[in-house]
Amino acid sequence: MRSRRRPALLAVMGLTAGLLLSTPQPASAANLIKNPGFETAGTGDMPYCWSKSGWGDNDFSFTTTADAHSGTKAMKVELTRRVSGDRKALVTESTACAPVVTVGKQYDLGLWYKSTTPDTSLTLFRHDTTAGWQYWTDLKTLEPAGAWTQASVRTPAVPAGTDRISWGVSVYGTGSATTDDYTMDQVADPVPDPVCTGTPAECANGRWDVLPTKNPVRSMHSVVLNNGKVLLIAGSGNSEEQFKAGTFTSAVYNPATGTYKVVPTPKDMFCAGHVQLQDGRVLVMSGNKGYPTADGTIGYQGYKDSYIFDPVSETYSKTNDMNDGHWYPSATALGNGDVISFGGLKEDSTGSVTAELWSDAQQKWLPTWQVNQTWSYWGLYPSMILMQDGRLFYSGSHTFGNNIPGTGSAIYDYDANTITQTPGLQKKDERDQSASVLLPPAQDQKVLTLGGGNIDSNPDANRLTDVIDLKTANPAYVAGPPIPQGTVDLGNGKVAQTGTQGKMYVSAVLLPDGKVLETGGALHNRADPVFESSIYDPASNTFDPVAADPQARGYHSSSFLLPDGRVMSTGDNPGNGTWNHNVSIYTPPYLLKGARPAITSVIDTEWTYGDTQRITVDRPIAKAELIRPAAVTHSSDPNQRFVDLPLSVDGNNVDLNVTSNPNMAPPGWYMLFAVDANGVPSVAKWVHLQGPSALSATDASAHVHSFADDLQGKVTEPGKKRTSQKVSPIVSGCDRHYGSINVCVPTAFPAEVKKTTAARCAWLKSNDYGRLKVNGKDDPLRLDRNKDGVACGKKDLTRR
């Protein structure tokens, strides 16, 4: 009997599942199940090719009963007492009994059942040719039924390395499920080959278009709103002149019309935090209270103010203050609708060690004493990703300089108030403005971290990628494939990248076909843009180079998914203080394969956890998912997630099984995509997933993976209470002795630039820095050799 193997979340939390084009064929047609009606006796007390399975503390029975749907026998599994775990009758995991499957194919599963409990699910296991038998997924919850009822569902595509599967019905609450007449049929391939609607190159690699209308504001924050528009926040836009003038801006972009509306912005939200609340409004926290002094003795300062943006009125309204200032804070939506925030700089330029918690119920920031505190400094924009059990994974992606001490990544347990380091992150102190993303589907609980650099030491940015599986008992990063190389502009035009050159300022965007677009970036601190884009496939752990954005997308750039399946990219703020107002739109290859499927109706746009929701489609599809809309800045969007919706279908009616775990999909508005077998997505429909009903569920933990619960890394308990952590005033990597506050002369030049006045000045000239005034009497980079107050003048370059 399997005693410790646990299924993954409730049945609705399965991996990618496809649409049943029709109900499963009868057993006589192509049934792959042996002894589907339990009519043939086996050795012992179970029918031939069926085995007992389960785990946990419960009282149970397995009975071969005469109360059958057809024939003379059926299988009844009953729990009379349950503290934890489940019991299930499974197809025997053997070469004689477990059906053979083909990698990449899908299978229609069906059965007849009666049930006295809602706590059931159809559970799958798969045989890996290397690792052996292992849990695969839960696909469907069976509603209670007093009379014989048919259930059917389609599996995800069979993963690589799988040669057989086993499945059955799990019972994880008191009550019984009686099942009979199992069927399993391989799905035919009815979808015709795609027809290319672009050039061959476009159909292979997609296409970038630069929009004719420029972004009117210097936006570095991009939030996709639940009406399909995009909020672009600039604040002062990293311009001290606009800051001194009190000119703070935002714009709302409408993709349907290609137009922008500039909206009044009450404070300098430059480098704030932001996240969508569950009602669709946007919480914007902190921002820039003040720029550094010209001599660099005082750094950036964060204010305590917080605002909410309303997509309907397109206006900001003030909330209560945070407890600290937080310039560059994190913002993570939790399963109950609350928001937790860490890091950033305080009003005095020191690092905030105060965790902040926004209460969705009270619509305010809670006082410090009501929030668990570790008094740890997490840095700037620390990437904090919500795990399926409510803990937070700090991926190691952050902004500016070195990572936190230790391994550079960690799991934070808010309830226990402990931090446990996780190992394996490569070059943890060169992941400045790397990107991290929870890979599709969220049920897999894998995180990809890619690229990065370090503005303090300013090495060539790297090509590193790392993947961590948070379902394992002791999660650790493992190295992934390197980011493909493109071209880099070092000041004299584009040249091919060489050696280990990669990029920082990376954008990573979840796509509705279950892949990830990575795009944009630069080789050094606010300099040397890299032109490269590729699509990462989580299933194969590979990158496929695609068309590159023709626009430079380095510091303060953003890329994000639009509801129509395209990707929008904005911004670039190099060290010379200029701003790129051009906007690029990427059309992925999946939109050049011919007609798109369409969701013709959504029966109900108000969803609750554990529901079955019905949509209709105009033609067969292979999968459907919810994608949380972007709220991205500085390569960081820790709330981005792709949640699979296992499907059951009757003709063009598709029933979607919604996750019962609010930590898997925090409450809020989501884009609902339907995707055909060629990976072509529909235009998204907006649905609203609510939290309160989910929180009343008493058994949501029954089908959570046994994962990350055997951590062996260093565990840190709450430290001594303190006010802040000292942070260097040059934390942004800019030497303020030169030029205006808008200009970023690097504190460390790229390694290939010789440490001479001539070489440094040549580099500054090639990057269009222009005339640089020397601030004060110090000249740490030796750029003003004749001490006339102007750096890199003609006499500074004359040999003496």
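(A) Just the state of the cysteines, in detail. This structure, assessed with the given rule, holds 4 disulfides. Disulfide pairing is shown between Cys49 and Cys97; the S-S distance is 2.0 Å. Between Cys49 and Cys97, the S-S torsion sits near -75°, and that sign places the bridge as left-handed. Here the residue Cys49 occupies a position in the loop between α1 (27-30) and β1 (50-55), and Cys97 occupies one in the loop between β4 (86-91) and β5 (107-115), the gap between them amounting to 48 residues. What makes Cys49 buried here is its relative accessible area of 5%. For Cys97, a relative accessible area of 7% gives the class buried. Each disulfide pairs two cysteine sulfurs, and for Cys196 the partner residue is Cys203, the sulfurs being separated by 1.8 Å. Judged by the sign of its S-S torsion, about 85°, the cystine formed by Cys196 and Cys203 is right-handed. Numbered by order of appearance in the sequence, the disulfide-linked cysteines of the protein pair as 1-2, 3-4, 5-6, 7-8. Of the cysteine sulfurs around Cys271, a residue in no disulfide, the closest is that of Cys734, at 11 Å.

(B) Structural view of the pattern of salt bridges. Inspection of the entire model under this criterion finds 29 salt bridges. Arg207 is the salt-bridge partner of Asp209, the closest N and O atoms lying 3.0 Å from each other. One continuous salt-bridge network, built from bridges that share partners, spans Lys267, Asp305, Lys318 and Asp321.

(C) Spotlight on the packing of aromatic side chains. What the rule picks out here adds up to 32 aromatic pairs. Centroid distance Phe243 to Tyr291: 5.2 Å. Interplanar angle 70°. Geometry classified as edge-to-face. Of this pair, Phe243 sits in helix α3 (residues 240-245) while Tyr291 sits in the loop between β18 (288-290) and β19 (301-302), and the two are 48 residues apart along the sequence. Here Phe342 and Tyr412 contribute two aromatic rings whose centre-to-centre distance is 5.7 Å and whose plane-to-plane angle is 85°, an arrangement assigned as edge-to-face. A residue pair is termed long-range when its members are at least 10 positions apart, and Phe342 in the loop between β23 (339-341) and β24 (351-352) and Tyr412 in strand β29 (residues 410-413) qualify at 70 residues. Here Phe342 matches Tyr412 in class, with each residue buried. Each residue in the set Phe243, Phe248, Phe270, Tyr291, Tyr300, Trp327, Tyr328, Tyr381, Phe400, Tyr505 and Tyr555 is aromatic and connected to the rest through ring pairs, giving one cluster. The lysine or arginine in question, Lys267, covers the ring of Tyr303, its NZ or CZ lying 4.3 Å from the ring centre.

(D) Spatial organisation of the sheet that holds strand β42 (residues 542-546). In space, the 4 strands of this open sheet follow the order β37-β38-β41-β42, with antiparallel pairing throughout. Each end of this open sheet is capped by a strand with a single partner; those strands are β37 (507-510) and β42. On average, each strand axis in the sheet is tilted by 25° relative to the strand beside it, whichever way the strands run. Pairing analysis gives 4 bridges linking strand β38 (residues 516-519) to strand β41 (residues 533-537), with the strands arranged antiparallel.

(E) Broad picture of the layout of surface pockets. Roughly 710 Å³ of internal volume is contained in the second largest pocket. Along the walls of the second largest pocket sit 32 residues, with Tyr377, Asn403, Ile404, Pro405 and Gln725 positioned nearest its centre. Among the residues forming the lining of the second largest pocket, the class breakdown is 13 nonpolar, 14 polar and 5 charged.

The rules behind these values
- Along each chain, residues carry numbers from 1 onward, in the same order as the chain's sequence is written.
- Since the coordinates come from a predicted model, pLDDT governs what is reported: local features require at least 70, and pairs of side-chain atoms require 80 or more to be given and counted, while whole-chain, interface and lining totals use all residues.
- The side-chain figures draw on all heavy atoms in the structure; neither hydrogens nor water molecules are used.
- In this description, a disulfide is simply a cysteine sulfur pair whose atoms lie within 2.5 Å.
- What counts as a helix is a DSSP run of H or I of at least four residues, what counts as a strand is a run of E of at least two, and both are numbered from the N terminus.
- For each residue, the accessible area found with a 1.4 Å probe, counting protein chains only, is set against the maximum for its type, and the residue is called buried under 20%, exposed over 50%, and partly exposed in between.
- The term salt bridge refers to a pairing of a side-chain nitrogen on Lys or Arg with a carboxyl oxygen on Asp or Glu at a separation within 4 Å.
- Ring pairs shown here join Phe, Tyr and Trp side chains whose ring centres sit within 6.5 Å, with only the six-membered ring taken for Trp; geometry is labelled stacked below 30 degrees between planes, edge-to-face above 60, and tilted in between.
- In our convention, an over-ring charge means Lys NZ or Arg CZ found within 6 Å of a ring centre and within 35 degrees of that ring's normal.
- Between any two strands, at least two bridges found by DSSP are needed for them to pair.
- To get an axis, a line is fitted to the C-alpha atoms, and for a helix only the part in contact is used. The angle between two axes follows their N-to-C directions and goes from 0 to 180 degrees.
- Here the term cavity refers to a set of points on a 1 Å grid, laid over the protein atoms alone, in which a 1.4 Å probe fits but cannot get out; the term pocket refers to an open set having protein on both sides within 12 Å along at least five of seven lines, with lining residues being those that place an atom within 4 Å of a point.
- Grid points are joined across faces, edges and corners, and a volume is the space filled by probe spheres set on the points.
- Throughout, the ten residues Ala, Val, Leu, Ile, Met, Phe, Trp, Tyr, Cys and Pro are labelled nonpolar, Asp, Glu, Lys and Arg are labelled charged, and all others, Gly among them, are labelled polar.

Note that all results are geometric; they support no functional claim without further evidence.
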